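An overview of the molecular structure
So you can see what is in the structure, the chains are spelled out below.
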Amino acid sequence: MKLYRTKQGFYAEFQEEYFQLPCPDWDTLINRDDLHSYLLTQIAGLVPVLDFESKDLLAPAVSQEVWASGVTYYRSKVARMEESKGAYGGMFYDKVYEAERPELFFKALGYKVVGSGGTVNIRPDSIRNVPEPEWTLYATTSGKIVGYTVGNDMSSKCIECENPLYMSQAKIYDGSAALGPCLYVPAEPMAQNAVISIEVRRSERIVFQGITTLDQLKRTPDELIGWLYRASTFRTGAFLMTGTGLVPSSDFTVEVGDTVAISIDKIGKLTNVVGLAKA
Ligand code: DO4
Ligand code: MG
């Protein structure tokens, strides 16, 4: 089952048919521990719609907080240790990769998140910027993971690498978080052998591509959500990006006008054009 939030309403996709859901409020709709079975009962009496393709997609987040995990893949640890050598930051990345407590950081408020088809941004004061393709979990208020989506944790590498204390500025700005195209709500937890891939195009030319599998993730989804929910309450549930395992070489940067497409098996493709945040 896939759930779409669009400008024209909420839609469920099931067995290649689309159904418009009568529910007026996204936050109430998704914050249910029985979400998959609830959606099955909701679509049972509905007639499929034939014009879903014409709908304008929005991010599957409204008032949820979006958090992110860091250094959860070996590739990410190695790249960050290398990049931050000049700022004496290397050892922090090594330590957090091995530690019991993961790196978790606030990324965005739901209403600021860009959906598939929208524009993600780079900062005007940053000369090296990368997309970070991330499998993203949605957990309800009780901490149960009921859905998954594709995430892009846009990051200003030169700001992050200059000093680890600048991380919030490198990670949190207008258009720095994208989620979509849908909230994937399977009957059973998603298998961690799914493939995640990225392609960055510049005038139709591929300038970066990468592929990995979610089983390279060092931590389990329940472990990450367990840490996020320690001492914190999420009134409408929370999204958690699980970290990136696809890191471009240190001479790569995305540019304004590039198209970033991130795909995860079963969930779909999150596609965004790169723009420039206001100064
Ligand atoms: O430690 C800095 C950020 C890490 C991150 O965003 C990632 O590993 O995906
Ligand atoms: Mg990241």
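For the structure given in this document, a descriptive report is provided here.

About the thresholds
- Residues numbered from 1 in each chain as written.
- Chains lettered and ligands numbered in written order.
- Predicted model: local features only at pLDDT ≥ 70, side-chain atom pairs only at ≥ 80, totals over all residues.
- Heavy atoms only, no water.
- 1 Å grid on protein atoms, 1.4 Å probe; cavity = no way out; pocket = protein on both sides within 12 Å on 5 of 7 lines; lining within 4 Å.
- Points joined across faces, edges and corners; volume = space filled by probe spheres on them.
- Helix = DSSP H or I, 4+ residues; strand = E, 2+ residues; numbered from the N terminus.
- Nonpolar A, V, L, I, M, F, W, Y, C, P; charged D, E, K, R; others polar.
- Pairing = 2+ DSSP bridges.
- Axes fitted to C-alpha atoms, helices over the stretch in contact; angles between N-to-C directions.

Turning our attention to the layout of surface pockets. Roughly 280 Å³ of volume is contained in the largest pocket. Forming the walls of the largest pocket are 17 residues, and the residues nearest its centre are K144, I145, Y148, E188 and P189. Where the lining of the largest pocket is concerned, the elements lending two or more residues are α2 (35-44), β10 (145-153) and α7 (221-228). For the lining of the largest pocket, the element with the most residues is β10, which contributes 3 residues. Of the residues that constitute the lining of the largest pocket, the class distribution is 9 nonpolar, 3 polar and 5 charged.

This part takes up empty space enclosed by the protein. What the rule picks out here adds up to 2 cavities of 30 Å³ or more. Computed from the structure, the largest cavity encloses a volume of approximately 70 Å³. If you go around the largest cavity, you meet 16 residues; those closest to its centre are G70, R80, E103, F105 and K171. Residue assignment for the lining of the largest cavity shows that the elements contributing at least two residues are β5 (65-70), α3 (74-83), β6 (103-109) and α6 (167-171).

Turning our eyes to something else, we now look at the sheet that holds strand β7 (residues 119-122). Pairing is mixed in the open sheet, where 5 strands are placed in the order β7-β17-β16-β13-β14. Of all strands in the sheet, those bounded by a partner on one side alone are β7 and β14 (205-213). Strand after strand, the sheet turns through a mean of 25° between neighbouring axes, direction not considered.

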